[in-house]
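Summary of structural features
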Amino acid sequence: MAEIYSVGLTGGIASGKSAVAARLAEHGALIVDADRLAREALEPGSSGLEEVVSAFGRELVTEAGELDRGALGRVVFSDEEARAKLNAIVHPRVRAAAARLREEAPAGTVVVEDIPLLVETGQQDRFDLVLVVQAPESQRITRIVENRGSTEEDARARIAAQATDAERAAAADVILDNSGTVEDLWRQVDELYEKLQGRVRARQ
């Protein structure tokens, strides 16, 4: 496999992780989006969808043959055992797809794996660098309510279902602070990418 520089990117819901990934992509990083790969793993006709149906019932499939993601979310969100069962179906497929993308990357590429549950699934040791995006909980709740149409209660429940800021910070090599303006965040990302490029050059 070509020599790449691997970055694991994570952060709590509404921390700004996706914005960081987009900025890194502008610089030329290859972004491996775990959420997108998870959706693809459960597309109509896939073995992943068939396993979900076997585990949770045919009622989770729409008349068009697609997964009713909202219904599945309601099943697994508050049930730890059900969530573990779903993860056992989805996560191996996501990791296999991510491995294929890494193998196809040209030598010298900064490959950023955008993984919401990186810490929760214990993947931090897979990467050259773990990058965590942090923002105060109050700001994240406001973003969830205003941008995603959720209630404050739902926003708090979603945050509570993930790792804590302290747990993510303990796994991080670099923490980006997204409590300020977009320009503040871009400056941090730009400076980080320049450093990553230096590490890539040092390997060549």
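Above this note sits the structure.
The structure contained in this document is the topic of the report that follows.

Cut-offs applied
- Residues numbered from 1 in each chain as written.
- Predicted model: local features only at pLDDT ≥ 70, side-chain atom pairs only at ≥ 80, totals over all residues.
- Heavy atoms only, no water.
- Axes fitted to C-alpha atoms, helices over the stretch in contact; angles between N-to-C directions.
- Helix = DSSP H or I, 4+ residues; strand = E, 2+ residues; numbered from the N terminus.
- Parallel < 35°, antiparallel > 145°, perpendicular 65-115°, else oblique.
- Left-handed = near helix turned anticlockwise from the far one by under 90°.
- Contact = heavy atoms within 4.5 Å.
- Nonpolar A, V, L, I, M, F, W, Y, C, P; charged D, E, K, R; others polar.
- Buried < 20%, exposed > 50% of the residue type's maximum accessible area, 1.4 Å probe, protein only.
- Pairing = 2+ DSSP bridges.

**Quick look at the packing of helix 1 (residues 17–27) against helix 9 (residues 182–203)**
For the pair helix 1 and helix 9, interaxial distance at closest approach is 10 Å and the crossing angle is 45 degrees. The pairing of helix 1 with helix 9 is recorded here as oblique in orientation. Helix 1 and helix 9 meet at a crossing whose hand is right-handed. Residues Ala19, Val20, Arg23, Leu24 and His27 of helix 1 form the contact with helix 9, whose own contacting residues are Leu185, Trp186, Val189, Asp190 and Tyr193. Looking at the contact of helix 1 with helix 9 residue by residue, the classes come out as seven nonpolar, one polar and two charged.

**Some words on the packing of helix 3 (residues 47–56) against helix 5 (residues 80–104)**
As a packed pair, helix 3 and helix 5 sit with axes 10 Å apart at the nearest point and diverge in direction by 165 degrees. Relative to helix 5, the element helix 3 is oriented roughly antiparallel. For the pair helix 3 and helix 5, the sense of crossing is right-handed. Where helix 3 abuts helix 5, its residues Ser47, Gly48, Glu51, Val52, Ala55 and Phe56 lie against Ala82, Lys85, Leu86, Ile89 and Arg93. Looking at side-chain class alone, the contact of helix 3 with helix 5 contains six nonpolar, two polar and three charged residues.

**Considerations on the environment of Phe77**
By the secondary structure assignment, Phe77 is in helix 4 (residues 69–77). With relative accessibility at 30%, the residue Phe77 sits in the partly exposed group. Phe77 sits 81 residues away from Arg158 along the chain, and the two C-alpha atoms are 8.5 Å apart.

**Here we look at unusual backbone geometry**
Glycine aside, the phi torsion of most residues is negative, and most peptide linkages are trans. At Ala14, a position not held by glycine, the phi torsion is positive, near 65 degrees. With respect to the helices and strands, Ala14 occurs in the loop between strand 1 (5–11) and helix 1. Residue classification places Ala14 among the buried residues on the basis of a relative accessible area of 10%.

**Some thoughts on the sheet that holds strand 4 (residues 129–134)**
With parallel pairing, the five strands of this open sheet are ordered in space as 2-3-1-4-5. Strands with a single pairing partner mark the edges of an open sheet, and in this sheet they are strand 2 (30–33) and strand 5 (174–177). With strand direction ignored, the average angle separating the axes of adjacent strands in the sheet is 25 degrees. Looking at chain direction, strand 2 and strand 3 (residues 110–114) are connected through four bridges and run parallel. Paired with Ile31 across the two strands is Val112, which belongs to strand 3. Against the sheet, helix 2 (residues 34–41) touches strand 2 and strand 3, its axis set at about 50 degrees to strand 2.

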